[in-house]
Amino acid sequence: MSVNTTIFFSILIAVGLVRVIRKFLDLPTRLPRINRLLDYIWVPGVVLFALSSLIHWKSDQLDELYLLFVFGVGIWVLLRLRTYRPARLLLLAALPFVAYSAFELVLALVAPAMLKEYDDSFEVAQAFTFIWLFTFALIARNQKNQLEKDRLLREEEEKAKQRISAQNVELERLVAERTATLTQQAEELRYALTELRITQNQLIQSEKMASLGELTAGIAHEIQNPLNFVTNFSDVSTELLTELEEEQQKPDRDPELEAEILTDLKQNLQKITHHGQRAASIVRAMLEHSRANNGERQPTDLNKLADEYLRLAYHGLRAKDKTFNATITTFFDPSLGHISAVSQDLGRVLLNLFTNAFYAVQKKQKDGNTPGYVPTVSVNTLHRSSGEVEIRVRDNGTGIPESVKDKIFQPFFTTKPTGEGTGLGLSLSYDIITKGHGGTLTVETEEGEGTEFIIRLPG
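Residues numbered from 1 in each chain as written. Predicted model: local features only at pLDDT ≥ 70, side-chain atom pairs only at ≥ 80, totals over all residues. Heavy atoms only, no water.

1. Let's talk about a positive patch on the surface
Quick reminder of the rule: Here, patches come from residues exposed beyond 30% relative accessible area and free of salt bridges, joined within 9 Å for like charges and within 5 Å for nonpolar side chains (Val, Leu, Ile, Met, Phe, Trp, Tyr). Using the Shrake-Rupley algorithm and a 1.4 Å probe, accessible areas are obtained, with residue cover drawn only from the displayed protein chains. We count a salt bridge whenever a side-chain nitrogen from Lys or Arg sits within 4 Å of a carboxyl oxygen from Asp or Glu. The charge count includes Lys and Arg as positive and Asp and Glu as negative, but it does not include His or the ends of the chains. Charged side chains are reduced to one point each, which is NZ for Lys, CZ for Arg, CG for Asp and CD for Glu. Helix and strand labels come from DSSP, where a helix needs a run of H or I of at least four residues and a strand needs a run of E of at least two; each type is numbered from the N terminus.
On the surface, Arg 33, Arg 36, Arg 80 and Arg 82 cluster together to form a positively charged patch. Along the chain, Arg 36 falls in helix H3 (residues 32–37).

Dropping the structure here:
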């Protein structure tokens, strides 16, 4: 092998070095144009070989000159990538070696005797540059590996962020869909609630009208008595007026008789006024029962209210069944006074309880299973020492089976045959007492023996 042909070995070294640098510095991505130019790193070596052959120049420094050129290209590439930390370390590692190689080449060309004289020193210097190059190359490789790990970690974090972002978008879409669904359901529920309230109001009004129907016969009986008195006393008063007119036309008038007639007329008018007011109060009670109330509480005479609705309920049932009679016992606590209540609502509760009591004793009487049975309904009011007001409505009727006792205050539940009850009376009564007045409505019953409803209201 000739001296100059060793340059081909240097070309192979240069090509291998370029491949290492490409991979280490990721030149196809970072410097694509320079990367393509490095494909021709062998060309200068071939050119040098051709020139040396053409001019018959044989030298041991030809391959060193080419390698120095290759190192120079490497330094240039590293300078282009100086912002990349591993490239800076490689630059720091290569500069002493390249500088030493350049210096040695110059000495070999201009002062070869000096190079031989200080051969040991140059070998030490060369060994130092090799160690320096190798050490910093390892550091650069470790740094690159760490940067690669950091890059991969950042990519994973970025991918995680993208996944989270995509999940957030999907969640937002699902939330939007769910919100739209819930909004639609809320609208449907709101509409259903409105319809339910309308239906509830209609049912309450129907129950009120049904209770008013129960009152009608009793009202007719109650109002008939005062109207009869008004009619009778009006007829008597008319006769007295006729008698007075005749007496006044006599030439010998009797003043004592006229005074007596006038006294009788005054008494009759007072009685007409009294019974007229009684009839008016019955009509007023009927109107209050039927009209919608505003929920405002007013001082209410509970004893009077209970007595009035008790008689109306009793006579209402007797108007339907002339054969029915019942014993009514009452004790109205005189110390009760007035309580704050919605009288129309409280009247509906009492009417419902009284009607149920009379219905129960009537049913037991018709069954005929109890010889000597006397239908009895008792109503008691009491002002308790705790300040509460208590109303007890007791009957000795059929009682309520234990199996359905807990259901009697539920809407639409009734123990009456189909067509005889709406199942709303006790439910509405319970709501009026508990929710409307802050009281309690309880029941004590024994099947076949009777039932007692107990109302307790704040004093």
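2. Things to note about helix H11 (residues 343–367)
Inclusion rule: Take the residue count of a helix, subtract one, and multiply by 1.5 Å to get its expected span. Here the term buried applies to any residue with accessible area under 20% of the maximum for its type, exposed to any over 50%, and partly exposed to those in between, with areas from a 1.4 Å probe on protein chains only.
In this model H11 runs 36 Å from its N-terminal to its C-terminal C-alpha over 25 residues, within 8% of the 36 Å that 1.5 Å per residue would give. Among the 25 residues that make up H11, 21 are buried, leaving the element largely enclosed by the rest of the structure.

3. Remarks on the side chain of Glu 452
To keep things clear, this is the line we draw: A 3.5 Å cut-off defines polar contacts: any pair of N or O atoms within that distance qualifies, except that in protein one atom must be a possible hydrogen donor and the other a possible acceptor, and neighbouring residues in sequence count only when both atoms are side-chain atoms. Note on contacts: a residue pair qualifies if any of its non-hydrogen atoms lie within 4.5 Å across the two residues.
You can see Glu 452 is positioned in strand S7 (residues 450–457). Looking at Glu 452, its side chain comes within polar contact range of the side chain of Arg 392, at 3.3 Å. Those residues within four positions of Glu 452 in sequence are excluded, and the remaining contacts are Arg 392, Val 393, Arg 394, Thr 442, Val 443 and Glu 444.

4. Regarding unusual backbone geometry
Positive phi outside glycine occurs at Asp 26, with the angle close to 55 degrees. On the secondary structure map, Asp 26 appears in the loop between helix H1 (6–25) and helix H2 (27–30).

5. Overview of the environment of Ala 360
Residue placement: Ala 360 occurs in helix H11. On the basis of relative accessibility, which here comes to 11%, the residue Ala 360 falls in the buried class. The spacing of Ala 360 and Asn 396 is 36 residues in sequence and 7.9 Å in space, taken between C-alpha atoms. Beyond its immediate sequence surroundings of up to four residues, Ala 360 is in contact with Asp 395, Gly 397 and Thr 398.

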